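A look at the structure
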Amino acid sequence: MAAVKLVKIDGETIHIFNSEIYIFESTSGYTLELDLVVSEVTERKYKKEQNLIIEIELESGRLIDSIMHLKSLSGGLPQLNLFCDLESIDDYEELERVNENSSSFPNVEEGITLEEIRKVEMPNENISLKLNLPIDQVEWLKKQKKADLNEMIKEYISEYWKRQE
């Protein structure tokens, strides 16, 4: 089975935690499928796109360039599931072929945890808090810069977690 070495989306190299590339056979034809486990940041960046320019380098050194479509699959880990229709599979001898009845369907999530992914790239998310504080603390908070408040809260939560252990 072919192994993916590198993937570029629209010219940008992305970090992949695991991947599977294969040919999916159905009654309507063949599709080249590329399943990638990526960071949550990468998934969010591309998940609303319909067509992406994909460059794939296999461990064998072979390069595959294609415009691929993104399909959404619900799963536990952040993924990009890309595909494109193939006229002929003659040029893809080294890729595994699967169909919906295959007993060994690729499982791209196996052996990876969300915690491992977040060690490489932790997403940030906006949150709004409603607090009930003494007026002098509210006045002080209003005078602070947003970046300083973000850093202060992150540090406080980290220290609080350490005390809880």
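Details of the structure are given in the entry above.
Now for a look at the structure at hand. Quick caveat, the model's predicted, so the values are computed rather than measured.

What counts as what
- Residues numbered from 1 in each chain as written.
- Predicted model: local features only at pLDDT ≥ 70, side-chain atom pairs only at ≥ 80, totals over all residues.
- Heavy atoms only, no water.
- Pairing = 2+ DSSP bridges.
- Helix = DSSP H or I, 4+ residues; strand = E, 2+ residues; numbered from the N terminus.
- Buried < 20%, exposed > 50% of the residue type's maximum accessible area, 1.4 Å probe, protein only.
- Core = buried A, V, L, I, M, F, W, Y, C linked by side-chain atoms within 4.5 Å.
- Contact = heavy atoms within 4.5 Å.

1. Structural notes on the sheet that holds strand β3 (residues 18-26)
Within the open sheet, the eight strands sit side by side as β2-β1-β5-β6-β7-β4-β3-β8. Their pairing is mixed. The strands lining the two open edges of the sheet, one partner per strand, are β2 (12-13) and β8 (96-98). In this structure, β3 lies alongside β8, joined through three bridges in parallel fashion. Each residue of the ladder has a partner; that of Tyr22, found in β8, is Glu96.

2. Comments concerning the pairing of strand β5 (residues 51-58)
For a regular strand, side chains alternate in direction, first toward one face of the sheet and then toward the other. The side-chain alternation of β5 yields one buried face, formed by Leu52, Ile54, Ile56 and Leu58, and one unburied face, formed by Asn51, Ile53, Glu55 and Glu57. Pairing of strand β1 (residues 4-9) with β5, which is carried by five bridges, proceeds in the antiparallel orientation. Of the residues in β5, the one forming a bridge with Leu6 is Glu57. Here β5 runs beside strand β6 (residues 63-71); their pairing, made up of seven bridges, is antiparallel. Considered in β6, the bridge of Glu57 is made with Leu63.

3. Considering the nonpolar core
If you look at the biggest cluster of nonpolar residues, it comprises 26 residues, and the most contacted ones within it are Ile21, Leu32, Leu34, Ile54 and Ile56. At the level of elements, β1, β3, β4 (29-37), β5, β6 and β7 (79-86) are the ones that each hand at least two residues to this core. Discounting residues that sit within four places of it in the chain, Ile21 has contacts with Ala2, Val4, Leu32, Glu33, Leu34, Ile56, Leu58, Ile64 and Leu95. One finds Val37, Leu77, Val108 and Ile112 within the second-largest nonpolar core, a separate group that totals five residues.

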